[in-house]
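Survey of secondary and tertiary structure
The primary structure of each chain is shown beneath.
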Amino acid sequence: MSISHYSYKYGHGSKEFSLESDRVIKEVTVAKMPLLEDVKAAILDAVYHPIGSAPINELVKPGQKIAFICNDPTRVANSFVFMPILVNEMNKLGIKDEDMHIVFALGTHRNMTHEEMVEAVGAEVAGRLKMYNSDAKVSEDFEYFGDTSRGTPVWLNKHICHVDHVIMTGTIVHHYFSGYGGGRKAILPGVAAMETVRVNHSFMLDPNAGLGKTVGNPVYEDQMEGVAMFAKNHSVFLFNAILNAQHEFLKIFAGDYVKAHQEACKFVDQVYGVEIPQAADLVIASCGGYPKDINVYQLQKTMDNAWCAVREGGVVIIIGECEEGSGSKVLEETCKRLGTADAIKADLEKHFEIGANKAFAVTRLTKKAKFILVSSLDKELAHDMLFEAVPTVEEALAEALQAGKVKKYVTDFANPIVAKVPNTLVTPHLGASTEESEENCAVMAVKEVRDFLENGNITHSVNYPDCNVGTKIDGDRITILHRNVPNMIGQFTTLLAQENQNIALMTNKSKKEYAYTVIDVDGSVSDEVASK
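Remember, predicted model here, so these are calculated numbers, not experimental data.

Here we take up helix H6 (residues 194-201). Residues of H6 that are buried include every one of Thr196, Val197, Val199, Asn200 and His201, and no others. Buried residues belonging to H6 abut strand S7 (153-157), helix H7 (218-231) and helix H12 (356-363).

Structural data, given as structure tokens:
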């Protein structure tokens, strides 16, 4: 009998657990795809050789005005990497800094702080361009473009309405009811008014609304129609990146917001689409850490993916910290007031409300399987949302054992709670004591230390996260070990901007209270900047 050990992302750190190898049907991971070797070159190639559109230099003319739409903190986009490159390129095409601004696509999420804006796009860009939150609740900030054929009133943020070009930026992953993220979503719901989002999202109750589906999906089609009403008299240019699970760049898609997005979605299916051999009795899934597990509102998307892999009557364990709780008071109140998925759906059909829709999205999944969250979420609040919350994976497995959903749990790292649960088998951890394993460990240690010293890559560290950014060819590579606290990236980029250094690649990983940042620059960093 062999034991497999796992480390899954959780908030700014990770959760470790072990399972009997023979009982694991499949470990589902993102497909290994080659990284972009030169991100800056790929960005420029995408905008000068776009899909279904004229090159950016044929669209943008000196003296024109440009609005960039950028993601909020709930969406990982690495905007701090591509925004300096795009802004500088606009300067070369004759666009002044004062004629460009950024609108953050909040949808119905909370407003961003100034510090969060700086961290999102980098200190250099934040210091040069005006930045705005698109607050869906401030009705005077929106302009009307008519109703879609499904009755959605299209109200869009005024800051994208009076410019010559709107450049929609962001990343693309699957979305549980609108098919895919990215593309038109930067505008609707990204910079749309509350009523626009409310009516559009009401179509999620339609059985044709679903993950990875566009044709016949009423949510997607309504969004496309609404954006088309705006694009009829406005220049809209798409810039979307596809990242891997480590937030590294795989590919850039730019151009026509319809055609480029369609091509990008095909690639997303290759990266994130995985076939499973059979539905499992037990599914263990991580949201991918912060910000994807910032609250239940965001964590629910992982619940949807895991739901696809579990059998009827099975168990799903979701690893997600939820440091901001549920993320919606309406979500909490709806679950507590109505209590069941059927009651919530019936209420939504009478009057659809943002936040209440998440209550349905969460609770409807519990009709198929038992959901246990490994989370810091309040236990009573979790119970109101029809799932359990425990602090460790082992305790989640103990819950599954006691409920009769899991027959046996074998581990060599049992905590006192799990060790006392019937049908738990604890084995001594002796594998590292053999002669062969000691020799293999020594060889591995030498290779990993050498890789860190030569390339800055971290593997199997106790206190720091794994981080592999390959080999640096040109320019300097800066590696920084630091505390996992807000605004560190902003400070790093500010120092480099003061020296006019162009960032070719930036990766930031965290593990509990520690973080590690790797920055590749095109030139050489002075001793003065390095010492800071």
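Having seen the model, we can carry on.
Taken across its 10 residues, helix H14 (residues 393-402) has 8 buried, putting it largely inside the fold. Within H14, the full set of buried residues consists of Val393, Glu394, Glu395, Ala396, Leu397, Ala398, Ala400 and Leu401. Two residues or fewer after H14 comes Gly404, characterised by a positive phi angle close to 80 degrees.

A few words now on the sheet that holds strand S14 (residues 310-319). Read across the sheet, 4 strands follow the order S13-S14-S15-S16 without closing on themselves; strand pairing throughout is parallel. Across the chains shown, the open sheet's two edge strands, defined by having one partner strand only, are strand S13 (280-286) and strand S16 (388-390). Averaged over all pairs of adjacent strands, the angle between strand axes in this sheet comes to 20 degrees, irrespective of strand direction. Pairing between S14 and strand S15 (residues 370-374): 5 bridges, direction parallel. In the strand pairing of S15, Ile318 is matched with Leu373. Against the sheet, H14 contacts S13, S14, S15 and S16, and its axis sits at roughly 160 degrees relative to S15.

Positionally, Gln298 belongs in helix H9 (residues 296-307). Classification of Gln298 as buried rests on a relative accessible area of 6%. Setting aside residues no more than four positions away along its own chain, Gln298 makes contact with Thr74, Arg75, His109, Pro291 and Lys292.

A word on the sheet that holds strand S11 (residues 235-243). Spatially, S5-S4-S3-S8-S11-S12 is the arrangement adopted by the 6 strands of the open sheet, whose pairing is mixed. Both outer strands of the open sheet, strand S5 (130-133) and strand S12 (249-255), are each paired with one neighbouring strand and no more. Averaged over all pairs of adjacent strands, the angle between their axes in this sheet comes to 20 degrees, without regard to strand direction. When S11 meets S12, the two strands line up antiparallel, connected through 6 bridges. Each bridged residue has a counterpart across the sheet, and for Leu238 the counterpart in S12 is Gly255. Relative to S12, helix H1 (residues 39-48) is tilted by about 20 degrees, and along the sheet it contacts S11 and S12. Against the sheet, helix H8 (residues 259-272) engages S11 and S12, with an angle of about 165 degrees to S12.

A few words on the packing of helix H10 (residues 329-338) against H12. A pair of packed helices is characterised by two quantities: the angle between their axes and the separation of those axes. Interhelical geometry of H10 versus H12 gives an angle of 60 degrees and a closest axis separation of 7 Å. If you check the angle between H10 and H12, you find them oblique. H12 is crossed by H10, and the crossing has right-handed handedness. Contacts between H10 and H12 involve Val330, Leu331, Thr334 and Cys335 from the first element and Ala356, Lys358, Ala359 and Thr363 from the second. A class-by-class count of the residues in the contact of H10 with H12 yields 5 nonpolar, 2 polar and 1 charged.

Glancing now at the pairing of strand S8 (residues 165-171). Where a strand is regular, its side chains alternate between the two sheet faces. Among the 7 residues that make up S8, 7 are buried, leaving the element largely enclosed by the rest of the structure. Alternating positions in S8 separate into two faces, His165, Ile167, Thr169 and Thr171 on one and Val166, Met168 and Gly170 on the other, with burial throughout. Note that strand S3 (residues 66-71) and S8 share 4 bridges and pair parallel. Within the sheet, the bridge partner assigned to Ile66 lies in S8 and is His165. Relative to S11, S8 is paired through 7 bridges, and the arrangement is parallel.

Checked against the element boundaries, Val125 lands in helix H5 (residues 123-128). Remark: the alpha-carbon pair of Val125 and Asp466, spanning 341 residues in sequence, is separated by 29 Å. Excluding residues within four positions of it along the chain, Val125 makes contact with Met83, Pro84, Val87 and Ile102.

You can see Val443 is positioned in helix H16 (residues 435-455). Sequence spacing of Val443 and Glu16 is 427 residues, and the spatial spacing of their C-alpha atoms is 24 Å.

Counted according to the given criterion, the structure contains 19 salt bridges. The partner of Glu124 in a salt bridge is Arg128, and the shortest N-O contact between them spans 2.9 Å. Here Arg128 and Glu124 lie together in helix H5, a separation of 4 residues that amounts to about one turn. Judged by its relative accessible area of 27%, Glu124 is partly exposed. With a closest N to O distance of 2.4 Å, Arg311 and Asp281 form a salt bridge. Of this pair, Arg311 sits in strand S14 while Asp281 sits in strand S13, and the two are 30 residues apart along the sequence. Counted as one network, the salt bridges with shared partners bring together Asp97, Glu124 and Arg128.

What follows covers the side chain of Asp135. Looking at the element boundaries, Asp135 is found in the loop between S5 and strand S6 (142-147). For Asp135, the residues in contact, after removing those within four places along its chain, are Asn111 and Phe142.

Right, let's talk about the nonpolar core for a bit. Core analysis: the biggest nonpolar cluster contains 68 residues, and Ile160, Ile187, Ile318, Leu377 and Phe387 have the highest contact counts within it. With sequence-adjacent residues up to four places away left out, Ile160 is seen in contact with Ala67, Ile69, Val103, Val166, Ile187, Val191, Phe230 and His234. Listed in part, the 62 residues of the second largest apolar core include Ala42, Leu44, Met112 and Phe249.

This part covers a negative patch on the surface. Taken together, the side chains of Glu37, Asp38, Asp474 and Asp522 present a region of like negative charge at the surface. When its relative accessible area of 41% is taken as the criterion, Asp522 is described as partly exposed.

Before going further, it helps to examine the packing of aromatic side chains. Across all of its chains, the model carries 9 aromatic pairs by this definition. Between Phe82 and Phe239 the ring centres are 5.0 Å apart and the planes differ by 55 degrees, which places this aromatic pair in the tilted class. With Phe82 in helix H3 (residues 79-92) and Phe239 in strand S11, this pair connects stretches of sequence that are 157 residues apart. For the pair Phe82 and Phe239, one class covers both residues: buried. A centroid spacing of 5.0 Å and a plane angle of 40 degrees characterise the contact between Tyr144 and Trp155, whose relative ring orientation is tilted. Here Tyr144, found in strand S6, pairs with Trp155, found in strand S7; they are 11 residues apart in sequence, far enough to count as distant.

Parameters and conventions
- Residues numbered from 1 in each chain as written.
- Predicted model: local features only at pLDDT ≥ 70, side-chain atom pairs only at ≥ 80, totals over all residues.
- Heavy atoms only, no water.
- Buried < 20%, exposed > 50% of the residue type's maximum accessible area, 1.4 Å probe, protein only.
- Helix = DSSP H or I, 4+ residues; strand = E, 2+ residues; numbered from the N terminus.
- Contact = heavy atoms within 4.5 Å.
- Pairing = 2+ DSSP bridges.
- Axes fitted to C-alpha atoms, helices over the stretch in contact; angles between N-to-C directions.
- Parallel < 35°, antiparallel > 145°, perpendicular 65-115°, else oblique.
- Left-handed = near helix turned anticlockwise from the far one by under 90°.
- Nonpolar A, V, L, I, M, F, W, Y, C, P; charged D, E, K, R; others polar.
- Salt bridge = Lys/Arg side-chain N within 4 Å of Asp/Glu carboxyl O.
- Core = buried A, V, L, I, M, F, W, Y, C linked by side-chain atoms within 4.5 Å.
- Patch = residues over 30% accessible without salt bridge, like charges linked within 9 Å, V, L, I, M, F, W, Y side chains within 5 Å.
- Areas by Shrake-Rupley, 256 points an atom, 1.4 Å probe, with all protein chains shown as cover.
- Lys, Arg positive; Asp, Glu negative; His and termini not counted.
- Charge placed at Lys NZ, Arg CZ, Asp CG, Glu CD.
- Phe/Tyr/Trp six-rings, centres within 6.5 Å; stacked < 30°, edge-to-face > 60°.

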